Amino acid sequence: MSAAPAPHPLTVADFDFALPPELIAQHPAAERSGSRLLDGRGDVPLDRRFRELPSLLAPGDLLVFNDTRVIKARLYGRKASGGGVEALVERVLPGTHEVWAHLRASKSPRPGSRVHFAGRDGDTIAFEAEVLGRCGPDGSLFHLRLPGEPFALLERHGHVPLPPYIEHGDDADDERRYQTVFARSPGAVAAPTAALHFDADVLAALEAQGVARASVTLHVGAGTFQPVRVEQLAEHRMHSEWFELPQATVDAIARTRAAGGRVVAVGTTTLRALESAARGDRGLQAGARDTDIFITPGFAFRVVDRLLTNFHLPRSTLMMLVSAFAGHAHIRALYAHAIRERYRFFSYGDAMLLDRR
């Protein structure tokens, strides 16, 4: 008998799909928990509402949330020469007035030059930043020194960093809704979107159901929206993000495991933090560090049993992650169902519940 042919290695094209542009949610649902929930745990997808989530979990399960807080990371200004500049602060360096930022300009500013950033009105210059040089793992970011405490300056003068596929400017509703109800630790430039669906009523129902809660912090970076520009997955260089896993969460996971409960990650950012913290030989380890984990089909999951997530961009690393978790063919079938049933996609869109396969 001849040997079965080896499966072909997956390429970026295997994670592509055609999405009607009108399914890209431009605004959140009227109520956080009023979004739809695609129950993808079984072979047959089930259409539900997000507020049904507590009934889909069991007493003793553990929900792990990302408690990062989105900062007003987008700034608009001009160089000393007069050319326009748009900045997106990627990382605030602890204990300093310095940040790493993406800068868009017709010509990149040189070290030692200054950038003049406008206030919320878009006209008045609010403050100046000094360009210290290039930085980041691949030198694509700019190292800036601000004239004051970065979080305070951004809160006063910055804009909500809405994703590139949302076509309106940020407003007061975005300040409220592009933020989870339990956001605590400032530093993200993109929301952990699966958690945007939770409101006080759903959290109370989960507690009444006997579902426990724990948290991690992962400051979501702008790289989450970057397309994969190589065809072979092994050639992609993953962006880096900072995360912290508290010892209390490690202990909660151990208790859940000992009692036979399931660990449910709320969002891919939570999953990335948990699986990153379990990569070594010593098992799940508390602490703070950077991660550039790239999860693709074949990845050996150690922590997460169930994943709550929104729908992701075609050809993105997050499409690869959910395919690794729930199975490539299963994810393709679920996305085809979601498109047929007119689910709302991406950050302000609907959610999906997956079991590890």
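Residues numbered from 1 in each chain as written. Predicted model: local features only at pLDDT ≥ 70, side-chain atom pairs only at ≥ 80, totals over all residues. Heavy atoms only, no water.

Participant: How do you make sense of the nonpolar core when you look at a structure like this?
Facilitator: If you look at the biggest cluster of nonpolar residues, it comprises 66 residues, and the most contacted ones within it are Y178, L271, L274, F345 and L354. Residue contributions to this core peak at eight residues, all from helix α7 (residues 317–326). Leaving out residues up to four positions away in the same chain, Y178 has contacts with V70, V160, P161, L162, P163, D173, A190, A191, L196, F225, S347 and Y348. Counting 23 residues, the second-largest nonpolar core is a separate cluster that includes I71, L103, L154 and A222. (Core = buried A, V, L, I, M, F, W, Y, C linked by side-chain atoms within 4.5 Å. Buried < 20%, exposed > 50% of the residue type's maximum accessible area, 1.4 Å probe, protein only. Helix = DSSP H or I, 4+ residues; strand = E, 2+ residues; numbered from the N terminus. Contact = heavy atoms within 4.5 Å.)

Participant: Would you mind going over α7 with me for this structure?
Facilitator: Three- or four-residue spacings in an α-helix give side chains the same orientation, since the helix completes a turn every 3.6 residues. Here α7 lies mainly inside the structure; ten of its ten residues are buried. Considered for burial, the residues of α7 that qualify are T317, L318, M319, M320, L321, V322, S323, A324, F325 and A326. Buried residues along α7 sit against α6 (268–277), β16 (306–310), α8 (328–340) and β17 (351–355). Just past α7, the residue G327 takes up positive phi, approximately 100°.

Participant: Would you take a moment to explain the pairing of strand β14 (residues 263–266) for this structure?
Facilitator: On any regular strand, side chains alternate: one points to one face of the sheet, the next to the other face. Neither face of β14 is exposed, since V263 and A265 on one face and V264 and V266 on the opposite face are all buried. In terms of strand pairing, strand β3 (residues 62–66) meets β14 through three bridges, oriented parallel. Each residue of the ladder has a partner; that of L63, found in β14, is V264. Examined bridge by bridge, β14 and β16 share three bridges and lie parallel to one another. (Pairing = 2+ DSSP bridges.)

Participant: For this particular structure, what's the right way to read the environment of A87?
Facilitator: Relative to the assigned elements, A87 resides in strand β6 (residues 84–92). In the structure, A87 is positioned 43 residues away from V44 in sequence and 45 Å away in space, judged by C-alpha atoms. Those residues in contact with A87 that lie beyond four places of it in its chain are A73, R74, L75, H102, L103 and F117.

Participant: What's the story with helix α4 (residues 200–209) in this structure? I'm lost.
Facilitator: Of all the residues in α4, the buried ones are V202, L203 and L206. With its buried residues spanning 100° around the axis, α4 presents them on a single face. Of the exposed residues in α4, the ones pointing more than 90 degrees away from its buried face are A200, D201, E207 and A208. Looking at the buried residues of α4, the elements they touch are α1 (53–56), β3 and β12 (212–218). Of the residues one or two after α4, G210 is the one with positive phi, at around 85°. (Arc of directions from axis to C-beta.)

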